[in-house]
Amino acid sequence: MFILRLVILLVIVAVLLWLLKRMFSPEAEPEQLKSDKSENMLQCKYCGVHVPESSIVSINDEPYCCQEHADLDQ
Ligand SMILES: [Zn+2]
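The structure contained in this document is the topic of the report that follows.

**Quick word on the environment of His69**
Mapped onto the elements, His69 comes out in helix H3 (residues 67-73). A count of 19 C-beta atoms within 10 Å places His69 in the partly exposed class. Separated by 25 residues in sequence, His69 and Cys44 have C-alpha atoms that sit 8.2 Å apart. Among residues more than four places away in sequence, those in contact with His69 are Cys44, Tyr46, Cys47 and Tyr64.

**What to know about unusual backbone geometry**
With a phi close to 50 degrees, Asn60 is a non-glycine residue in the positive phi region. Tracing the backbone through its elements, the reader meets Asn60 in the loop between strand E3 (57-59) and strand E4 (62-64). Classification of Asn60 by C-beta neighbours within 10 Å gives exposed; the count is 8. We note that Asp61 has phi near 65 degrees; this positive angle belongs to a residue other than glycine. Looking at the element boundaries, Asp61 is found in the loop between E3 and E4.

**Remarks on the environment of Ile56**
Locating Ile56 in the fold gives a position in the loop between strand E2 (50-52) and E3. Between the C-alpha atoms of Ile56 and Cys66, which are ten residues apart in sequence, the distance is 6.9 Å. When neighbours within four sequence positions are excluded, Ile56 is seen to be in contact with Leu42, Val51, Pro63 and Tyr64.

Criteria and cut-off values
Residues numbered from 1 in each chain as written. Predicted model: local features only at pLDDT ≥ 70, side-chain atom pairs only at ≥ 80, totals over all residues. Helix = DSSP H or I, 4+ residues; strand = E, 2+ residues; numbered from the N terminus. Buried ≥ 20, exposed ≤ 12 C-beta atoms within 10 Å, placed from the backbone. Contact = placed C-beta atoms within 7 Å.

Below, the structure written as structure tokens:
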């Protein structure tokens, strides 16, 4: 049964690819992907912390995580 062997081989390859994908992707990725989809993350120019775009304090087109860091960077 050549077809049966081919199917089994395909299943084994698929499982191996799935395992490889899992091995090389960091565990936090699913959560990160979720937040990336819902909201764009920007980096604070002062402290480098990543903040959702909606809570960014934007001064002179520069993103900051809070008003305090915006003031400190001026
Ligand atoms: Zn900051």
